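If you want the building blocks of each chain, they are given just below.
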Amino acid sequence: MARTASGTQIPELQPGGRLEHWAERHLRYLMLAPTMLILLALTIFPSLYMFYAAVHRISPNPDLPWEFVGPGNFVRLLTDAQFHVALRNTVVFTIVAVTFEFLLGLGLALLLDRFIRRLTFLKTVLMIPMMLPPIAVAITWKIIYEPQFGVLNEIMFRLGLPLQAWAGDVNLAMFSIIVADVWQWTPFIFLLMLAGLASLPVEPYEAAALDGASSWRQFWDLTLPFLKPVIAIALLLRVMDALRLFDLVFILTGGGPADRTKVLSLYIYQVAYRFADPGYAAAISLFVLFVTIVLSTWFMKRMRLAE
Amino acid sequence: MATIRTRSRIRETLIRLSAYLTILVALILTLFPVYWIAANSFKFDIDIFAVPPEWLPQNPTLKHYDEAFIQRPFLRYALNSLLVAVGTTIVSVGFGTMAGYALARFSYPWQWRKQISFWILSTRMMPPIVSIIPLYLFFNSLDMLNTKSALVIAYTAFNLPFATWMMKSYFQDLPVELEEAAIVDGDTRWGAFLHVALPLARPGLAATAIFCLIISWNEFLLSLIITLTEQSQTLPIGIAGRVTQYKTYWGEISAAGFMACVPIVIFAFIVQKHLVRGLSLGAVKG
């Protein structure tokens, strides 16, 4: 990940001692200003607004005033069983899905890197799932999981295995969501690992081969350490994304059956709209935001290392 | 000696074969779901429900495309998606390019350059679910719910940081000398950006724009919150609307879903060289 010209500054000499225009002199600020202002308005404002909403009870009736409840909504987080279920589901989903995506993506990348080089077309085909609209992915898997006429039960039938309700089954619902997510996002890990592998230096491997190191040792002692920065970036981006899972669950299970796939995003959505309690939803959102900030701070430290 | 060599060659061939086999399986697993949604979209309802499934549509029909895009407002949804995606892309790439250039080239007092860069990146990390409540209440108070402009504003919140980081990463890869030469030749600092750096960054600009289009085209949650009417709803919302508690319109959602995928696949092939950088926000260069 060599960066060229990073941080290089242009000497800001003005030709011929001409009178500098005000705009030209403040160009560095003017070029940055629109983005800064827009992002301040679109992120800082909602965050502050949410703090404000989180300490109130907000009635679905817009004519009623907001009732100040102080930390009440945050205290509810401690005792709300549904919130705990959603939190646990989100953590389970994130850990299992990202682990499988990582192992499959890395394995496939190692294979392709070793045996099929410079086949951009093949790589791009393998890349398709992650570019697709999550809603399209969700309905595709909905058709595959369909208990009556779905392809998966047809395969189960041919193999002589018991038919399943998949996304509609209490024990298999989360598994079904994870499979669809792994299908869509393994290519992401795969792609980043492939890029990492392509940038490995050659010399250490030549030296290792001379020393008679097995390919397993080479992988463990050379490849993995070299890939570490890319792995960190890939995993963190995936974790951040997994924590915000919504579309797949919304279409495939709606959070059911028996709340087995209710994840945090879906719960916030339900609290805000179905239970019409935006104040409490804001409190849960702030919790998610807090977790995200902790994770992304760590992530950005890794990025700084990579730079 | 000879036997060892033969044995290792056989081993090598076996490894190679199993590698190809694994890749073949991966390809089939990757493509089958996409094929399946396409195949179902061309089947009559009765063939969609067929057991065992009809692997190839025996009586191909465009019935569901007619249902979705002619009789039902999916064309409207697709147009909304397109307008919102284009609007978001113009705003994000326009401002993001300027900000990205500034962060790649200029020096700032104290450590602003670094800190602003990371602050911008951190806004990208904000999960959309976190901002739905304030955005909803905000657009509601401005009477902007159910408008495409509201969607453009909301989508800009996560496309602008993305565009800024992408363009920053591309500008950092360009040699500074050409811009210096332009300035020595009497061009202004802005002129050097406009006439020298920008044309050189054109591939990066195109890739960034396409990524913004894809991200906006695929977005679901914010649109679900902000839009409730046909006039403003996007394609993903339209599709989700045909999966109801009582009935799922399999053919229709297959047709619409497949049509939602087609432009994305084309775009994916256009940006294939930039995929790695785009997906890692400029952190990894492929």
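Given the structure is predicted, the values throughout are model-derived calculations rather than measurements.

Student: Explain the nonpolar core here, please?
Tutor: Nonpolar side chains tend toward joint burial in soluble globular proteins. By size, the foremost hydrophobic cluster in this structure holds 171 residues, and its most contacted members are Leu 191, Leu 192 and Ile 284 of chain A. Counting only domains with at least three residues in this core, you end up with domain 1 (2-61) and domain 2 (65-279) of chain B.

Student: How do you make sense of the packing of helix α4 (residues 74-105) of chain B against helix α10 (residues 202-218) of chain B when you look at a structure like this?
Tutor: To describe two helices that pack against each other, one gives the angle between their axes and the distance between the axes. Residue and element names in this part refer to chain B. Axis separation between α4 and α10 bottoms out at 8 Å; the angle between their running directions is 140°. When the axes of α4 and α10 are compared, the pair comes out oblique. As for the relative orientation of α4 and α10, their crossing is right-handed in sense. Contacts between α4 and α10 involve Ser 81, Val 84, Ala 85, Thr 88, Thr 89, Ser 92, Val 93 and Thr 97 on the former and, on the latter, Leu 205, Thr 208, Ala 209, Cys 212, Leu 213, Ser 216 and Trp 217. Considering only residue class, the contact of α4 with α10 consists of eight nonpolar, seven polar and no charged.

Student: Explain the confidence of the model for chain B here, please?
Tutor: Any residue range with low pLDDT should be treated as having predicted coordinates unsuitable for detailed reading. Residue and element names in this part refer to chain B. Across chain B, the average pLDDT comes to 88, with 98% of residues at or above 70. Here helix α14 (residues 275-279) stands out as the element of chain B with the lowest mean pLDDT, 81, in contrast to α4, whose mean of 94 is the highest. Confidence estimates for the predicted assembly give a pTM of 0.87 and an ipTM of 0.88.

Student: Would you mind going over unusual backbone geometry with me for this structure?
Tutor: Of all residues except glycine, most have a negative phi; of all peptide bonds, most are trans. Cis geometry is adopted by the peptide bond preceding Pro 52 of chain B, which originates at Val 51 of chain B and carries an omega value of -5°. Turning to its location among the elements, Pro 52 of chain B is positioned in the loop between α2 (45-48) and α3 (63-71). With phi around 65°, Asp 259 of chain A is a residue other than glycine that occupies positive phi space. Among the secondary structure elements, Asp 259 of chain A is positioned in the loop between α11 (247-252) and α12 (264-274). Located in the positive-phi region is Ala 276 of chain A, a residue other than glycine, with phi close to 45°. Secondary-structure assignment places Ala 276 of chain A in the loop between α12 and α13 (278-306).

Student: How should the domain arrangement of chain B be read in this particular structure?
Tutor: Frequently, the measure chosen for interface size is the accessible area removed from exposure when the parts meet. Residues and elements named next belong to chain B. Split by domain assignment, chain B resolves into domain 1 (2-61) and domain 2 (65-279). On the domain 2 side, the residues contacting the seven residues of domain 1 number seven residues. Those elements that provide at least two residues to the side of domain 1 that touches domain 2 are α1 (2-41) and α2. Looking at side-chain class alone, the side of domain 1 that touches domain 2 contains four nonpolar, two polar and one charged residues.

Student: Looking at this structure, how should I read the environment of Gly 251 of chain B?
Tutor: Residue and element names in this part refer to chain B. With respect to the helices and strands, Gly 251 occurs in helix α13 (residues 250-270). Along the chain, Gly 251 and Cys 261 lie 10 residues apart, while their C-alpha atoms are 15 Å from each other. Residues in contact with Gly 251, not counting those within four places in the same chain, are Asn 40, Ser 41, Asp 45, Ile 48, Lys 63, His 64 and Glu 67.

The rules behind the values
- Residues numbered from 1 in each chain as written.
- Chains lettered and ligands numbered in written order.
- Predicted model: local features only at pLDDT ≥ 70, side-chain atom pairs only at ≥ 80, totals over all residues.
- Core = buried A, V, L, I, M, F, W, Y, C linked by C-beta atoms within 7 Å.
- Buried ≥ 20, exposed ≤ 12 C-beta atoms within 10 Å, placed from the backbone.
- Domains from an automatic or database assignment.
- Axes fitted to C-alpha atoms, helices over the stretch in contact; angles between N-to-C directions.
- Helix = DSSP H or I, 4+ residues; strand = E, 2+ residues; numbered from the N terminus.
- Parallel < 35°, antiparallel > 145°, perpendicular 65-115°, else oblique.
- Left-handed = near helix turned anticlockwise from the far one by under 90°.
- Contact = placed C-beta atoms within 7 Å.
- Nonpolar A, V, L, I, M, F, W, Y, C, P; charged D, E, K, R; others polar.
- pLDDT = per-residue confidence, 0-100.

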